[in-house]
Amino acid sequence: VQLQASGGGLVQAGGSLRLSCAASGRTFSLYVMGWFRQAPGKEREFVATINWPGGSTRYADSVKGRFTISRDNAKNTVSLQMNSLKSEDTAIYYCAAGSNMMVLTSGGGYWGRGTQVTVSS
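As the structure is a prediction and not an experimental result, all values here were calculated from the model. (Residues numbered from 1 in each chain as written. Predicted model: local features only at pLDDT ≥ 70, side-chain atom pairs only at ≥ 80, totals over all residues. Heavy atoms only, no water.)

Caption draft 1: Quick look at the pattern of salt bridges. Following the criterion strictly, the structure yields 4 salt bridges and no others. Where D61 meets K64, a salt bridge forms, and the shortest distance between an N and an O atom there is 3.2 Å. Between R66 and D89 there is a salt bridge, with the nearest N and O atoms lying 2.7 Å from each other. With R66 in the loop between β6 (57–59) and β7 (67–72) and D89 in the loop between β8 (77–82) and β9 (91–98), this residue pair connects regions lying 23 residues apart in the sequence. Connected via shared salt-bridge partners are R37, E45, R66 and D89. (Salt bridge = Lys/Arg side-chain N within 4 Å of Asp/Glu carboxyl O. Helix = DSSP H or I, 4+ residues; strand = E, 2+ residues; numbered from the N terminus.)

Structure follows, in structure tokens:
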């Protein structure tokens, strides 16, 4: 499985960005897809995930109400719409996919290379 993320960049505080991640390869077991992030000097943290089937979502408290995760199963893509961005959202964002949430939080599953999001204040 390969994950290719795109959509990062530089934005002013209060602005929006949309991240996308395309999965290829043996994707039939990717029941959970989502995003994690790592800010400079900090550990990687959970941002949001979405399940298949069903489409249930989970969000970190820090992004609830501002970020929206969605999934296109036909295209094997997951997107993260980020609104009302804050400087503390600055991080490298990683797309991740696996069989369940526990696998991802333990660092297992499949991971993309990451895309930089920088929010200027």
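That covers the picture; the talk isn't over yet.
Caption draft 2: Just the sheet that holds strand β1 (residues 2–6), in detail. Pairing within the open sheet is antiparallel, and its 4 strands lie in the order β1-β3-β8-β7. The sheet is open, and its two edges are formed by β1 and β7, each paired on a single side. On average, each strand axis in the sheet is tilted by 15° relative to the strand beside it, whichever way the strands run. Of the strand pairs in this sheet, β7 and β8 are connected by 6 bridges, and their pairing is antiparallel. Considered in β8, the bridge of T68 is made with Q81. (Pairing = 2+ DSSP bridges. Axes fitted to C-alpha atoms, helices over the stretch in contact; angles between N-to-C directions.)

Caption draft 3: Representation of the packing of aromatic side chains. Taken as a whole and judged by the stated rule, the model has 3 aromatic pairs. Summarising the aromatic geometry, the rings of F36 and F46 are spaced 5.8 Å apart at their centres and angled 70° between planes, so their arrangement reads as edge-to-face. Of this pair, F36 sits in strand β4 (residues 32–38) while F46 sits in strand β5 (residues 45–51); the two residues are 10 residues apart in sequence, bridging distant segments of the chain. Members of the aromatic cluster, connected to one another through ring pairs, are F36, F46 and W111. Cation over ring: R44 sits above W111, and NZ or CZ is 3.8 Å from the ring centre. Positioned over the ring face of F46 is R58, at 6.0 Å from the centre of the ring. (Phe/Tyr/Trp six-rings, centres within 6.5 Å; stacked < 30°, edge-to-face > 60°. Lys NZ or Arg CZ within 6 Å of the ring centre and 35° of its normal.)

Caption draft 4: Local environment of the state of the cysteines. Scanning all chains against the criterion turns up 1 disulfide. Covalently, C21 is tied to C95 through a disulfide, its sulfur atoms 2.0 Å apart. Disulfide C21-C95: the torsion about the S-S bond is -85°, which places it as left-handed. Linking C21 in strand β3 (residues 17–24) with C95 in strand β9, this pair joins segments that are 74 residues apart in sequence. (Disulfide = S-S within 2.5 Å.)

Caption draft 5: Expanded view of the confidence of the model for the protein chain. A residue-level look at the protein chain finds 100% of positions with pLDDT of 70 or above and a mean pLDDT of 94. Model confidence for the protein chain, summarised as mean pLDDT per element, is weakest for helix α1 (residues 101–105) at 91 and strongest for strand β2 (residues 9–12) at 98. (pLDDT = per-residue confidence, 0-100.)

Caption draft 6: Spotlight on the nonpolar core. One finds W35, V47, F67, V78, L80, M82 and Y93 to be the most contacted residues of the largest nonpolar core, which totals 28 residues. Of all the secondary structure elements, the ones that give two or more residues to this core are β1, β3, β4, β5, β7, β8, β9 and β11 (115–120). M82 has contacts with G15, S16, L17, L19, R66, F67, Y93 and V117, leaving out every residue within four places of it along the chain. In terms of nonpolar packing, the next biggest core, distinct from the first, is built from 5 residues, V32, F36, A96 and L104 among them. (Core = buried A, V, L, I, M, F, W, Y, C linked by side-chain atoms within 4.5 Å. Buried < 20%, exposed > 50% of the residue type's maximum accessible area, 1.4 Å probe, protein only. Contact = heavy atoms within 4.5 Å.)

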